[in-house]
Amino acid sequence: MKKHNFNSGPSILPQEVLEQASQAILNFNNIGLSLLEIGHRTSWFLEVIDEAKALVKELMNLNDDYEVLFLHGGATTQFMQVPMNLLNVHDTAAYCDDGIWGHKAIQEAALFGKLHIAASSKDRNYTYINKEYSIPSHSKYLHITTNNTVEGTQWHQFPKTTVPLVADMSSDIFSRNLNFNQFSLIYAGAQKNMGAAGVNVVVVKKSLLQNLEKPIPAILDYRNHIKANSVLNTPPVFAIYVSLLTLRWIKKEGGLDEMEKRNNRKANLLYQTIDSLPLFHCPINKEDRSKMNAVFFIKDEAIQNEFLETCKENGMVGVKGYRTVGGIRVSMYNALPYKSVEAFCDVAKDFSNKRG
Ligand code: PMP
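In this text the structure is predicted, and so the values were computed from the model without any measurement. Residues take numbers from 1 onward in each chain, read along the sequence in its written order. Where local features are concerned, this predicted model is filtered to residues with pLDDT of at least 70; where side-chain atom pairs are given and counted, the filter is 80 or more; whole-chain, interface and lining totals use all residues. With hydrogens and water set aside, each side-chain value is computed from the structure's full complement of heavy atoms.

Peer 1: Looking at this structure, how should I read the pairing of strand β2 (residues 66-72)?
Peer 2: Two faces make up the sheet, and in a regular strand the side chains alternate between them. Accessible area is worked out with a 1.4 Å probe on protein chains only. A residue is then buried under 20% of its type maximum, exposed over 50%, and partly exposed in between. Per the convention used, a helix needs a DSSP run of H or I reaching at least four residues, while a strand needs a run of E reaching at least two, with both numbered from the N terminus. Of all 7 residues in β2, 6 are buried, a share of seventy percent or more. Two strands pair under a simple rule: DSSP has to find at least two bridges between them. Sheet topology places β2 next to strand β10 (residues 199-205); 7 bridges connect them, and they run antiparallel. Across the sheet, the residue bridging to H72 is V199, located in β10.

This is the structure:
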């Protein structure tokens with residue numbers, strides 16, 4: 001039986017993407033070779049990169065002021081690569097301290113320049129998005145995490161600012177239709193809404209990369225990757241191909257408007273159910289709740305494990321909360337079907353009736 005996959009990342013991918021990826025490992029595009037056996041500079045693979053880049057831009061409705069890169073490593077690499085590429089030592093960057101991932105990004109950025117914390121929600125365990133931010137006008141950029149995977153909060157309206165906006169979209173990229181032009185740099189690890197682990201997508205406005213006064217390692221310099229069309233060295237070919245398949249799937253299904261519609265429907269059902277059951281408690285500020293990762297608790301901690309066990313018996317994986325937060329986390333990425341959320345809600349209602 002196929003599981004209901006609520007994993008937070010790596011996480012559920014569309015079935016057809018898995019099938020096409022498997023096929024490409026055996027015989028890529030009927031060329032008689034595996035995708036894993038061809039050179040990254042062959043026209044076969046360059047076509048993959050070019051199509052993937054074009055699809056990112058098309059889905060985000062971005063023009064040629066922006067460049068799309070597929071780079072090694074997880075989003076954690078971007079925590080240091082962003083400030084390394086954007087900051088000179090005397091420059092200031094503003095950061096929103098909105099969750100543990102954003103906090104890690106802050107720690108890395110401090111190695112490269114001066115930091116200003118524009119807002120923090122640490123005072124209430126990151127259970128809300130603090131919109132009382134202050135952004136010095138001389139900041140090189142403002143960094144936010146659009147969706148806080150661990151804590152279950154999400155920015156639904158973005159800071160209005162004259163400084164360039166930089167966003168870690170690792171856990172909600174391509175989940176909704178946004179005005180992507182308001183961002184100067186977007187990055188995301190692919191392993192949630194856009195493919196397999198091992199690749200980052202970085203979307204950057206080229207004009208942002210003009211003022212660096214210091215040398216940085218060649219392999220970490222965005223400008224070199226732009227010149228080399230993301231094949232500066234051997235890129236994570238398989239992960240990039242899975243991203244291409246996922247991007248094609250998103251487009252075929254109706255694009256970001258359709259993803260947003262589906263994700264709203266799933267999140268509404270989940271939160272309505274949890275809020276209606278006295279056994280559960282969701283501490284996240286209502287207007288800041290994440291549509292990707294719902295984080296909540298069972299009021300009586302003693303029966304939490306029993307609930308998790310019940311989920312397991314019903315074919316559900318990945319519902320245990322993050323190790324530092326505890327509780328329950330239901331991740332509802334693009335590929336998660338509505339029926340999985342329905343199945344979870346049925347289990348929650350049933351459990352509540354028996355134990356509530
Ligand atoms: N940022 C966010 C919002 C994340 O959710 C994660 C991982 N879940 C990361 C950064 C770190 O990503 P990686 O493990 O790919 O380095």
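Peer 1: Just to check I follow, could you spell out the domain arrangement of the protein chain for this structure?
Peer 2: By convention, interface size is frequently given as the accessible area that disappears when the constituent parts associate. Structurally, the protein chain comprises domain 1 (15-253) and domain 2 (255-355). Where each domain begins and ends follows an automated or database-derived domain assignment. The C-alpha centroid of domain 2 is placed 27 Å from the C-alpha centroid of domain 1. Residue contacts are defined here by distance: any two heavy atoms, one from each residue, within 4.5 Å place the two residues in contact. Listed by partner, the interface residues are 28 residues for domain 1 and 26 residues for domain 2. One speaks of a salt bridge when a side-chain nitrogen belonging to Lys or Arg is within 4 Å of a carboxyl oxygen belonging to Asp or Glu. Notably, a salt bridge pairs E287 with K131, separated by 2.6 Å at the nearest N-O pair. Pairs of N or O atoms are called polar contacts if they sit within 3.5 Å, as long as, within protein, a hydrogen donor faces a hydrogen acceptor (for residues adjacent in sequence, only side-chain-to-side-chain pairs). For the pair domain 1 and domain 2, the interface holds 19 residue pairs in polar contact (both at pLDDT 80 or more). Among the elements of the structure, α4 (100-109), β7 (153-154) and α6 (237-253) are those that each provide at least two residues to the side of domain 1 that touches domain 2. Residue type decides the class: Asp, Glu, Lys and Arg count as charged, Ala, Val, Leu, Ile, Met, Phe, Trp, Tyr, Cys and Pro as nonpolar, and the leftover types, Gly among them, as polar. Residues of the side of domain 1 that touches domain 2, tallied by class, amount to 10 nonpolar, 11 polar and 7 charged.

Peer 1: In this structure, what is going on with the pattern of salt bridges? I would like to understand it.
Peer 2: Opposite charge on two side chains permits them to pair, given that their charged atoms come into close proximity. Counting across every chain of the model gives 19 salt bridges. With a shortest N-O distance of 3.5 Å, E258 and K261 are connected by a salt bridge. Here the residue E258 and the residue K261 both occupy positions in helix α7 (residues 255-276), the gap between them amounting to 3 residues, near one helical turn. Through salt bridges with shared partners, a single network forms among E16, K252, E253, E258, K261 and R262.

Peer 1: Mind showing me how you'd approach α4 here?
Peer 2: For an α-helix, the turn length of 3.6 residues means that residues three or four places apart are oriented alike. Where α4 is concerned, the buried positions are G102, A105, I106 and A109. Down the axis of α4, the smallest arc covering the buried residues is 105°, so these residues share one side. The inward-facing, buried residues of α4 abut α3 (75-86), β3 (92-97), β4 (114-120), β5 (142-145) and β9 (185-189). An arc is given here, and it is the one of the directions from the helix axis to the C-beta atoms.

Peer 1: Can you walk me through the packing of α3 against α4 in this structure?
Peer 2: Two measures define how a pair of helices packs: the angle their axes make with one another and the distance between the axes. To get an axis, fit a line to the C-alpha atoms, keeping to the stretch in contact for a helix; angles then go from 0 to 180 degrees between the N-to-C directions. Close contact between α3 and α4 brings their axes to 8 Å; oriented N to C, the two are set at 40°. Classed by the angle they form, the pair α3 and α4 counts as oblique. Relative to α4, α3 is oriented so that their crossing is right-handed. Mapping the contact onto sequence places T76, F79, M80 and P83 in α3 and W101, K104, A105, E108 and A109 in α4. When grouped by side-chain class, the residues that make up the contact of α3 with α4 number 6 nonpolar, 1 polar and 2 charged. Angle categories: roughly parallel below 35 degrees, roughly antiparallel above 145, roughly perpendicular from 65 to 115, and oblique for all the rest. Each helix crossing is assigned a hand: it is left-handed if the near helix lies turned anticlockwise from the far helix by less than a right angle, otherwise right-handed if that turn is clockwise.

Peer 1: Please clarify how the pairing of strand β8 (residues 165-168) should be interpreted in this entry.
Peer 2: Alternating residues of β8 divide into L165 and A167 and V166 and D168, and every residue in both groups is buried. Pairing geometry for β8 and β9, over 3 bridges, is parallel. Counted as the bridge partner of D168 is Y187 from β9.

Peer 1: In this structure, what is going on with the packing of aromatic side chains? I would like to understand it.
Peer 2: A ring pair, where both rings are aromatic, is described by two values, the distance of the centres and the angle of the planes. Centre distance within 6.5 Å is the pairing criterion for rings of Phe, Tyr and Trp, where only the six-membered ring of Trp is used; planes under 30 degrees apart are then read as stacked, over 60 as edge-to-face, and the remainder as tilted. Counted by the stated rule, this structure contains 12 aromatic pairs. Judged by centre distance (5.7 Å) and plane angle (65°), the rings of Y95 and Y141 are edge-to-face. Here the residue Y95 occupies a position in strand β3, and Y141 occupies one in the loop between β4 and β5, the gap between them amounting to 46 residues. For Y95, a relative accessible area of 1% puts it in the buried group. Feature note: the residues F6, F280, F296, F307, F344 and F351 constitute an aromatic cluster, connected by ring pairs. Either the NZ atom of lysine or the CZ atom of arginine qualifies as a charge over a ring when it sits within 6 Å of the ring centre and within 35 degrees of the ring normal. Lying across the ring of Y128, R124 places its NZ or CZ 3.9 Å from the centre. The ring of Y338 carries the charged tip of R265 above its face, separated from the ring centre by 3.7 Å.

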